Amino acid sequence: MQNDSGKTISIWMTTAEIPEQPVLTENTHADVCIIGAGIAGMSTAYMLTRAGKSVVVLDDGPIAGGQTARTTAHVSNVLSYRYYELEQMHGKEGAKLVAQSHTTAINTIEAIATQENINCDFKRLDGYLFPPDLKSIDEIQHELEAAHRVGLTNVEMVKKAPLTSFDTGVCLRFPQQGQFDPLKYLAGLAEAIERRGGRIYTGTHVEKIQGGLPARVETSSGKVVTADAVVVATNSPISNLATMHFKQAPYITFVIGAKVPRGSVPKALYWDTLDPYHYVRLQSIDEQYDVLIVGGEDHKTGQADDADARYARLQTWTRERFPIAQEVLFRWSGQVMNSDDGIAYIGKNPFDEENVYIVTGDTGIGMTHGTIAGILLTDLILGRNNSWAELYEPSRVRIAGVGDFISENLNVAAQYLEWVTPGDVDSVEKVAPGTGAVVRRGLTKVAAYRDENGTLHEHSAICTHLNCIVAWNSSEKTWDCPCHGSRFDTQGKVINGPAINGLAPVENK
Ligand SMILES: Cc1cc2nc3c(=O)[nH]c(=O)nc-3n(C[C@H](O)[C@H](O)[C@H](O)COP(=O)(O)OP(=O)(O)OC[C@H]3O[C@@H](n4cnc5c(N)ncnc54)[C@H](O)[C@@H]3O)c2cc1C
Ligand code: FES
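Residues numbered from 1 in each chain as written. Chains lettered and ligands numbered in written order. Predicted model: local features only at pLDDT ≥ 70, side-chain atom pairs only at ≥ 80, totals over all residues. Heavy atoms only, no water.

- Per an unreviewed UniProt entry, the recorded name for the chain is Glycine/D-amino acid oxidase, and the organism is Nostoc flagelliforme CCNUN1.

1. A closer look at the overall build of the chain
- Tallying secondary structure elements over the chain gives eight helices and 24 strands in all.
- Against the 2.2 N^0.38 benchmark of 23 Å for 509 residues, the chain shows a C-alpha radius of gyration of 22 Å, consistent with a compact globule.
- Oriented by its inertia axes, the alpha-carbon framework of the chain measures out at about 65 × 55 × 50 Å.
- Across the 509 residues that make up the chain, the buried fraction comes to 58%.
- Taking as baseline every contact in the chain between residues at least 6 positions apart, the subset at least 24 positions apart corresponds to 68%.
- Of the roughly 20,200 Å² of accessible surface on the chain, a fraction of 50% belongs to carbon and sulfur atoms.
- For the chain, the centre of its 45 positive side-chain charges and the centre of its 61 negative side-chain charges are spaced 1 Å apart. (Helix = DSSP H or I, 4+ residues; strand = E, 2+ residues; numbered from the N terminus. Rg over C-alpha atoms; globule rule 2.2 N^0.38 Å. Buried < 20%, exposed > 50% of the residue type's maximum accessible area, 1.4 Å probe, protein only. Contact = heavy atoms within 4.5 Å. Areas by Shrake-Rupley, 256 points an atom, 1.4 Å probe, with all protein chains shown as cover. Lys, Arg positive; Asp, Glu negative; His and termini not counted. Charge placed at Lys NZ, Arg CZ, Asp CG, Glu CD.)

2. Comments concerning the environment of His484
- Inspection of the secondary structure puts His484 in the loop between β22 (478-480) and β23 (487-488).
- Residue His484 is classed as buried on the basis of its relative accessible area of 4%.
- Taking C-alpha positions, His484 is 19 Å from Lys208, a pair spaced 276 residues apart along the chain.
- Leave out the neighbours within four places in its chain, and His484 touches Ser236, His245, Phe246, Pro250, Met337, Val412, His465, Leu466, Gly497 and Pro498.
- Side chain to side chain, His484 and His465 meet in a polar contact 3.2 Å long. (Polar contact = N/O pair within 3.5 Å; in protein donor to acceptor, adjacent residues only side chain to side chain.)

3. A short note on the state of the cysteines
- A complete count under the given rule lists one disulfide for this structure.
- Residue pairing for Cys468: its cysteine sulfur links by disulfide to Cys483, the two sulfurs lying 1.9 Å apart. Looking along the S-S bond of the Cys468-Cys483 disulfide, the torsion reads about -75°, which is the left-handed sense. Pair noted here: Cys468 is in the loop between β20 (456-460) and β21 (471-473) and Cys483 is in the loop between β22 and β23, with a separation of 15 residues, a long-range link. As far as burial versus exposure is concerned, Cys468 and Cys483 are alike and both buried. (Disulfide = S-S within 2.5 Å.)

4. Brief notes about the site of ligand 1
- Around ligand 1, the structure places 36 residues, and the nearest of them are Asp59, Thr68, Thr72, Asp362 and Met367.
- A distance of 2.8 Å separates an oxygen atom of ligand 1 from a polar atom in the backbone of Met367.
- Broken down by element, the shell around ligand 1 gets its largest block of residues, four residues, from strand β15 (residues 328-339).
- When grouped by side-chain class, the residues that make up the shell around ligand 1 number 14 nonpolar, 18 polar and four charged. (Near = heavy atom within 4 Å. Nonpolar A, V, L, I, M, F, W, Y, C, P; charged D, E, K, R; others polar.)

5. Things to note about the domain arrangement of the chain
- Per the domain assignment, the segments of the chain are domain 1 (28-71 + 183-243 + 342-406), domain 2 (119-179 + 247-339) and domain 3 (421-496).
- Distance between the C-alpha centres of domain 1 and domain 3: 30 Å.
- The interface of domain 1 with domain 3 comprises six residues on the first partner and six residues on the second.
- Counting each side, the surface lost to burial between domain 1 and domain 3 is near 430 Å², with a carbon and sulfur contribution of 37%.
- The largest share of the area that domain 1 buries against domain 3 comes from Gln67, Arg70 and Leu241, three residues that together contribute 64% of it.
- At the junction of domain 1 and domain 3, the tally comes to one salt bridge.
- The interface formed by domain 1 and domain 3 includes one residue pair in polar contact (both at pLDDT 80 or more). (Domains from an automatic or database assignment. Buried area = accessible area lost by both parts, 1.4 Å probe. Salt bridge = Lys/Arg side-chain N within 4 Å of Asp/Glu carboxyl O.)

6. Side note on the sheet that holds β21
- Spatial ordering of the open sheet is given by β21-β22-β23-β24, a layout of four strands whose pairing is antiparallel. Among the strands making up the open sheet, the edge pair consists of β21 and β24 (494-496). (Pairing = 2+ DSSP bridges.)

7. Structural notes on helix α2 (residues 83-115)
- Taking 1.5 Å of rise per residue, the 33 residues of α2 would be expected to cover 48 Å, yet its terminal C-alpha atoms sit only 32 Å apart, more than 12% below that figure.
- At His90, α2 shows its largest kink, close to 120°.
- Just downstream of α2 lies Asn117, where phi reads positive at about 60°. (Expected span 1.5 Å × (residues − 1). Bend = angle between axes of the 7 residues up to and from the residue.)

8. A short note on the pattern of salt bridges
- Per the counting criterion, the structure on display carries 27 salt bridges.
- The salt bridge partner of Lys259 is Glu327, with a shortest N-O separation of 3.6 Å. Placement of the pair is Lys259 in strand β11 (residues 248-261) and Glu327 in the loop between α5 (307-321) and β15, with a sequence separation of 68 residues.
- Given the relative accessible area of 16%, Lys259 is considered buried.
- On the basis of relative accessibility, which here comes to 37%, the residue Glu327 falls in the partly exposed class.
- What you see here is one network of salt bridges that share partners, running through Glu116, Glu191, Arg195 and Arg196.

9. Considering the pairing of strand β14 (residues 289-300)
- With 10 of its 12 residues buried, β14 lies for the most part within the structure.
- Judged from the 10 bridges that link them, β11 and β14 form a sheet pairing that is antiparallel. Note on β14: the bridge partner recorded for Lys259 is Val291.
- Direction of pairing for strand β13 (residues 279-284) relative to β14: antiparallel, over a ladder of six bridges. In the sheet register, Leu282 faces β14, and the bridge partner there is Leu292.
- As consecutive antiparallel partners, β13 and β14 are separated by four residues.

As structure tokens, then:
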């Protein structure tokens, strides 16, 4: 995350103190081993410890170091898909359960923050869904009717959102949404998990997961956790080679945070109905200023490298609608996993042993989906009935989602053509300091990064998941896989699954 001067910074990191955790240094056993200390893994660990289970959480970074640190943390029952679309994909009863589960998740976050005394700035506020122009109100009208059908009877159509700087036109008001500081929330969950005997190990990379009794989770240091059940909450599941990665697609989304005088823009959540859509909220930073956080401009991971243009378009969009916005203090991007049918996959890992569970595909709505995972996976592990289980079942196939499934997988198939194209440049001599490029070398391709001192770092450009060719992301300085969203740093280290292993170094170039 960078500010205008290119300094790496995070809006959340400025306020939250994430407690440091030890690295796993010995073999151990727990009732449940959870991999991933983002909102999904930590919510699940919290619910399980509250139910009396012993848990071990493993993460190769710090707590909340994945996409949870990059979220804009709208806590909402307004999803990326409209409720009338969710009705088509999941049926009328299914869409009701979507609304009910996300509403429960908002309430749960609020209740946990209160019960555990977590000072995470949780606030209730309204959300406004508005059309891209004043004339397109059909979608809003359809959505109002669908929202009422699924049980969100307090949603109402209003003449405009409460903004003075621009007229949204007729829009929907969704009451009782929320926002919070996700890092403060996860710091509080960590404290509550440990108070109940849960153990959290960070800096601990998981290499292999084997279900069965006991399940075995092997780490790169050779230490092993055995458990009665395993929850893979790595955002993109590392336990599943193919099935789940054909049912979801990785997208990079962009955010800017501009300074505005405190109180000049009413605090609420705002979204337009474009695809990709813009998402807006406010965060107070001091007595005088708020940050107006505006996101959008998504593209498929590894299939564009024009972040500056996207940030510029976000700025233009912001300044046209909020002329009061001053300098841009923050800008950052991150990855979301979009499922084929608009909701996450939460439950048993398909084609695996009975005691391996996953949560993935939250489609940019990770705060509530992660909390739903905590509730649902705890019930599944404890053998309790849960009326959401079928809805979120990872092995589900919804006929109405098949169109997206086909087009996303045709897109993935097309990426393999990169094996026969020339490189980005014809020689590593053309790779400037601080940049990277893919270079053809014989039958294969090399990911070449030249650091600021001029030293060249070469790795195989072949993604260790399913062999697509990675692409250079000049904004984040990462190698991004255009197929299923694995991402690697300039030293080839994996920073996003589904890949488990890093890019192979190229010896003796
Ligand atoms: C810019 C942006 C804005 C967003 N805005 C919103 C929003 O307003 N509202 C909302 O609800 N959602 C939003 N989202 C989505 C939300 O941030 C994510 O969906 C959510 O944080 C995902 O949480 P998670 O726990 O599944 O994954 P993560 O937070 O990514 O956690 C996964 C963890 O797994 C660990 N891991 C991975 N592989 C391994 C391994 N091999 N060994 C050990 N550990 C491993 C990682 O280190 C990581 O900590 C946004 C996302 C982005 C990028
Ligand atoms: S993420 Fe699947 S091939 Fe790279």
